[in-house]
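# Examination of the molecular architecture
Listed here are the chains, written in short residue letters.
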Amino acid sequence: MKQLKLLTEIHSFENFKEFVDEFKVEKKDLILTRRSIYNGFIKDLNLDCNLVLQNEYGNGEPNDEMINGIIKDIKDLDYKRVIAIGGGTVIDIAKLLIFKDVDDCVDLFERKVELVKEKELIIIPTTCGTGSEVTNISIAEIKSKNTKLGLACDELIPDYAVLIPELMKNLPFNVFMSSSVDALIHAIESFVSPKSNSFTELFAIKAIEIIIKGYKEIVENGKDHRKNLLKEFLLASNYAGIAFGNTGVGAVHAMSYPLGGVYHVPHGEANYHMFTEVFKLYNEKNPNGKIKEVNKVLAQILGLDDEKNVYFEIEKLLNNLLTKKPLRDFGMKEEEINIFAQSVINTQQRLLQNNYVEISEEEMKNIYMKLY
């Protein structure tokens, strides 16, 4: 039985210039990034390479219209490597630019075309959440379906992951929190996955420990203290990526996708809204399985005497940093509860098959209602 697979070569540098020199960035490279990253860290280097600024095609999380616009505009460019420098949106898009003869990204997500990789892929994350620099997954909103779809295949595994904490120094606090809570949930969902094993647990536990201890420090010392912890959070995101890249995630992510797809709630924040309710249900349905182990890990890191109130305490900690609002505050209507649950059943079977325990459509509706 497979235990751990890591095909990505991981590098770290103090600054972006060190990366450019080491990797010899040149005209056959295509850099995909955002204007703020370009102006802050790339522009002054006067690089002779192809450049695409993702936010010229739209803001927010990736969607098929945004991706297809980029695919159309780069079709005639001559490049051998794709270098993604950004957060989840940039990375998810970049992963789709390595394939041969693609005109519509929806064909990729629906597996209507052959997946032929013809470009090398280098990922440089500028947030501390997706872990996508070491995973085989790309996710995008498909506007016609009002949800998100994921593509998972080994062709999407980056050739290189490059960690440069300097690139996160201007990350706004809300983006830092939304991304890092996503990494925390990656690690916790990975731990209870049916595919979890002693190797993936090592990475998951370390990610959980770094992130929760970091949150406690930030609560104690103020929001700006996060700037002293960027290297640690970037590593934690990477560790969580290694963990869930091998095990997958489950119902938390699956149930968050309609919220993100319809109301454009940031991915990590949408996951946070689902997280504790899903895990409380897991705890009710099978308290003596793998969840018992993760509860002990969480209680120990949180400094609790027992695991009884672990989800109350973790939510209490997180609410000091990221407000958990009722779903109605995002614009969700009560009649959409049934629609959202049905959407999850219809479109997210890949994730639902990876649940700690099976969750029915009715149980999903109850969770949405509690959060409404």
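The paragraphs below set out a description of the structure included in this document.

Counted under the stated rule, the structure contains 16 aromatic pairs. A centroid spacing of 5.5 Å and a plane angle of 40° characterise the contact between Phe16 and Phe19, whose relative ring orientation is tilted. Of the two residues, Phe16 and Phe19 are both situated in helix H1 (residues 16-23); the distance of three residues between them amounts to about one turn of the helix. Phe19 matches Phe16 in its accessibility class, with the two residues each being buried. Grouped by ring-pair contacts, the aromatic residues Phe13, Phe16, Phe19, Phe23 and Tyr160 constitute a single cluster. Of note, Arg328 hangs over the ring of Tyr372, and the distance from its end group to the ring centre comes to 4.7 Å.

Bringing the side chain of Gln54 into the picture now. Following the sequence through the fold, Gln54 ends up in the loop between strand E3 (50-53) and helix H3 (64-74). Judged by its relative accessible area of 0%, Gln54 falls in the buried class. Of the polar contacts made by the side chain of Gln54, one reaches the backbone oxygen of Gly58; its length is 2.9 Å. Apart from the residues lying within four places of it in its own chain, the contact partners of Gln54 are Leu32, Thr33, Arg34, Gly60, Met66, Thr89, Val90 and Ile93.

Pairing in this open sheet of six strands is parallel, and the strands run E1-E8-E5-E4-E2-E3 from one edge to the other. Strands at the two margins of the open sheet, each flanked by one partner only, are strand E1 (9-12) and E3. This sheet shows a mean twist of 20° between the axes of neighbouring strands, independent of strand direction. Across six bridges, strand E4 (residues 81-86) lies against strand E5 (residues 120-125) in parallel orientation. When the sheet's bridge partners are listed, Val82 is paired in E5 with Leu121. On top of the sheet, H1 reaches E1, E4, E5 and strand E8 (160-163); it is set at about 165° to E5, its chief contact.

Moving on, we get to the pairing of strand E2 (residues 29-33). Burial analysis of E2 places five of its five residues in the buried class, which makes it a mostly covered element. Here five bridges tie E2 to E4, and the two strands are oriented parallel to one another. Bridge pairing in E4 places Leu30 opposite Val82. Relative to E3, E2 runs parallel, the two sharing four bridges.

What follows is about helix H7 (residues 198-221). When the terminal C-alpha atoms of H7 are compared, their 34 Å separation across 24 residues agrees well with the 34 Å that a helix rising 1.5 Å per residue should span. Along H7, the residues classified as buried are Thr200, Glu201, Ala204, Ala207, Ile208, Ile210, Ile211, Ile212, Gly214, Tyr215 and Ile218. In this structure, the buried residues of H7 make contact with helix H6 (173-192), helix H8 (230-247), helix H11 (290-302) and helix H12 (310-319). Its side-chain oxygen at 2.8 Å from the backbone nitrogen of Phe199, Asn197 defines the N-terminal cap of H7. The first or second residue beyond H7 is Gly222, which carries a positive phi of 100°.

Attention shifts here to empty space enclosed by the protein. With the rule as written, the count across this model stands at one cavity of 30 Å³ or more. Roughly 40 Å³ of internal volume is contained in the largest cavity. Forming the boundary of the largest cavity are Glu189, Val192, Ser193, Val249, Gly250, Phe279, Tyr282, Asn354, Asn355 and Tyr356. Mapped onto the lining of the largest cavity, the elements with two or more residues apiece are H6 and helix H10 (267-285). Grouping the constituent residues of the lining of the largest cavity by class yields five nonpolar, four polar and one charged.

This part covers the pattern of salt bridges. This model, assessed by the stated rule, comprises 22 salt bridges. When the shortest N-O distance is used, the salt bridge between Arg35 and Glu56 registers 2.9 Å. Here the residue Arg35 occupies a position in helix H2 (residues 35-42), and Glu56 occupies one in the loop between E3 and H3, the gap between them amounting to 21 residues. With a relative accessible area of 52%, Glu56 lands in the exposed category. Residue Lys213 pairs with Glu209 through a salt bridge whose shortest N-O separation is 3.2 Å. With a gap of four residues between them, Lys213 and Glu209 both fall in helix H7, about one helical turn apart. Using a relative accessible area of 42% as the deciding quantity, one classes Lys213 as partly exposed. Looking at Glu209, the relative accessible area reads 23%, which means it is partly exposed. Bridged by salt links that share partners, the residues Lys206, Glu209 and Lys213 form one connected network.

Procedures and definitions
Residues numbered from 1 in each chain as written. Predicted model: local features only at pLDDT ≥ 70, side-chain atom pairs only at ≥ 80, totals over all residues. Heavy atoms only, no water. Phe/Tyr/Trp six-rings, centres within 6.5 Å; stacked < 30°, edge-to-face > 60°. Helix = DSSP H or I, 4+ residues; strand = E, 2+ residues; numbered from the N terminus. Buried < 20%, exposed > 50% of the residue type's maximum accessible area, 1.4 Å probe, protein only. Lys NZ or Arg CZ within 6 Å of the ring centre and 35° of its normal. Polar contact = N/O pair within 3.5 Å; in protein donor to acceptor, adjacent residues only side chain to side chain. Contact = heavy atoms within 4.5 Å. Pairing = 2+ DSSP bridges. Axes fitted to C-alpha atoms, helices over the stretch in contact; angles between N-to-C directions. Expected span 1.5 Å × (residues − 1). 1 Å grid on protein atoms, 1.4 Å probe; cavity = no way out; pocket = protein on both sides within 12 Å on 5 of 7 lines; lining within 4 Å. Points joined across faces, edges and corners; volume = space filled by probe spheres on them. Nonpolar A, V, L, I, M, F, W, Y, C, P; charged D, E, K, R; others polar. Salt bridge = Lys/Arg side-chain N within 4 Å of Asp/Glu carboxyl O.

Read these as layout, nothing more, since geometry by itself doesn't imply function.
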